[in-house]
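A structural walkthrough
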Amino acid sequence: MSSLERFGGDREMRIGNAERASLTEILRSAVDQGYIDLDEYEKRVDTLMAAKTVGETEVVLADLPAYQRVLQAQADAFAPDKQGTPEWIKWLWAGVSIPIGIVTGVWAFVYFLSGSHQYFWPVWVAIPLGVVATVLTIAERTIIRPGEERKRRERLRRNRNQ
């Protein structure tokens, strides 16, 4: 069925012998699975062989589960991937929060034991680590992720044209 995937959703695109052969296989498997009988198979194959566009082939295939699975797989292939936060960003922020938490804990311990006002010195650890983590996160969102998305779209385009 890979020969039809390149058409995407264009119902007016013309089809050739390779596409008709692929679609005939779907009809043959429908007979084998008991969805249609031989008489109906012959009528559908005749209609399929006379079809000139992708839209005309849907008339004989639309009610078959195998064709619906092909359409669903095709829709899934062209659907954009939902990119979540990469694992390295999660680990980066976890790694940054550990030393910040430790130095803040030490400061709080000393503050409550001494009972006097203490200078909040953990800021000298928190700010540089927070700036580095923020810059790396922004770089991932604005530089790395769009580059990976371009590569993914190029791969999909190459696969469609094969």
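What you see is a predicted model; the values in this text were computed from it and never measured. (Residues numbered from 1 in each chain as written. Predicted model: local features only at pLDDT ≥ 70, side-chain atom pairs only at ≥ 80, totals over all residues. Heavy atoms only, no water.)

Here we look at the side chain of T57
How we decide: Only DSSP runs of H or I reaching four residues or more are called helices, and only runs of E reaching two or more are called strands; each is numbered from the N terminus. The buried label goes to any residue with under 20% of its type's maximum accessible area, the exposed label to any with over 50%, and the partly exposed label to all in between, with areas taken from a 1.4 Å probe on protein chains only. The contact definition used throughout considers only heavy atoms, calling two residues in contact when any of these lie within 4.5 Å.
Checked against the element boundaries, T57 lands in helix α4 (residues 54-61). In this structure T57 comes out as buried when scored by relative accessible area, which is 1%. Beyond its immediate chain neighbours, meaning those up to four positions away, T57 contacts I15, L23, L48 and A51.

Some words on helix α2 (residues 17-32)
Note the cut-off: Here the expected span of a helix is defined as 1.5 Å times the quantity of residues minus one.
With 16 residues, α2 should cover 22 Å at 1.5 Å per step; its first-to-last C-alpha distance of 22 Å lies within 8% of that length. Residues of α2 that are buried: E19, R20, S22, L23, T24, I26, L27 and A30. Backbone geometry just after α2 places G34 at a positive phi near 85°.

Some details on the pattern of salt bridges
Selection criterion: In the sections that follow, a salt bridge refers to a side-chain nitrogen of Lys or Arg positioned within 4 Å of a carboxyl oxygen of Asp or Glu.
This model, assessed by the stated rule, comprises eight salt bridges. For the salt bridge of E25 with R28, the shortest nitrogen-to-oxygen distance reads 2.3 Å. A residue pair is termed a helical-turn pair when its members lie 3 or 4 positions apart in one helix, as E25 and R28 do in helix α2 at three residues. A relative accessible area of 44% means that E25 is categorised as partly exposed. For the salt bridge of E149 with R152, the shortest nitrogen-to-oxygen distance reads 2.8 Å.

Some details on the environment of I15
Locating I15 in the fold gives a position in the loop between α1 (2-5) and α2. Through-space distance from the C-alpha of I15 to that of E56 is 9.7 Å; in sequence the pair is 41 residues apart.

Structural notes on the packing of α2 against helix α3 (residues 38-50)
The cut-off we apply is this: To define axes, lines are fitted to C-alpha atoms, for helices over the stretch in contact only, and angles between the resulting N-to-C directions are given on a 0 to 180 degree scale. The labels follow the angle: roughly parallel below 35 degrees, roughly antiparallel above 145, roughly perpendicular from 65 to 115, and oblique for the rest. Under the convention adopted here, Pro, Cys and the residues Ala, Val, Leu, Ile, Met, Phe, Trp and Tyr are nonpolar, Asp, Glu, Lys and Arg are charged, and Gly plus all remaining residues are polar.
Contact geometry of α2 with α3 gives a least axis separation of 10 Å together with a crossing angle of 170°. Taken together, the axes of α2 and α3 are roughly antiparallel relative to one another. Note on element contacts: α3 touches α2 through L38, Y41, R44, V45, L48 and M49, opposite R20, L23, T24, L27, R28 and V31. Of the residues in the contact of α2 with α3, the class split is eight nonpolar, one polar and three charged.

Concerning a negative patch on the surface
Quick note on the threshold: Note that patches include only residues with greater than 30% relative accessible area and no salt bridge, and the join distances are 9 Å for like charges and 5 Å for nonpolar side chains (Val, Leu, Ile, Met, Phe, Trp, Tyr). Here the open area of atoms and residues is found with the Shrake-Rupley method and a 1.4 Å probe, where only the protein chains shown may cover a residue. Asp and Glu are treated as the negative residues and Lys and Arg as the positive ones, with His and the ends of the chain left uncounted. Positions of charges follow a simple convention, taking NZ of Lys, CZ of Arg, CG of Asp or CD of Glu.
A cluster of acidic side chains, namely D37, D39, E42 and D46, defines a negative patch on the protein surface. Mapping D46 onto the fold places it in helix α3. D46 gets classed as exposed once you look at its relative accessible area, which sits at 54%.

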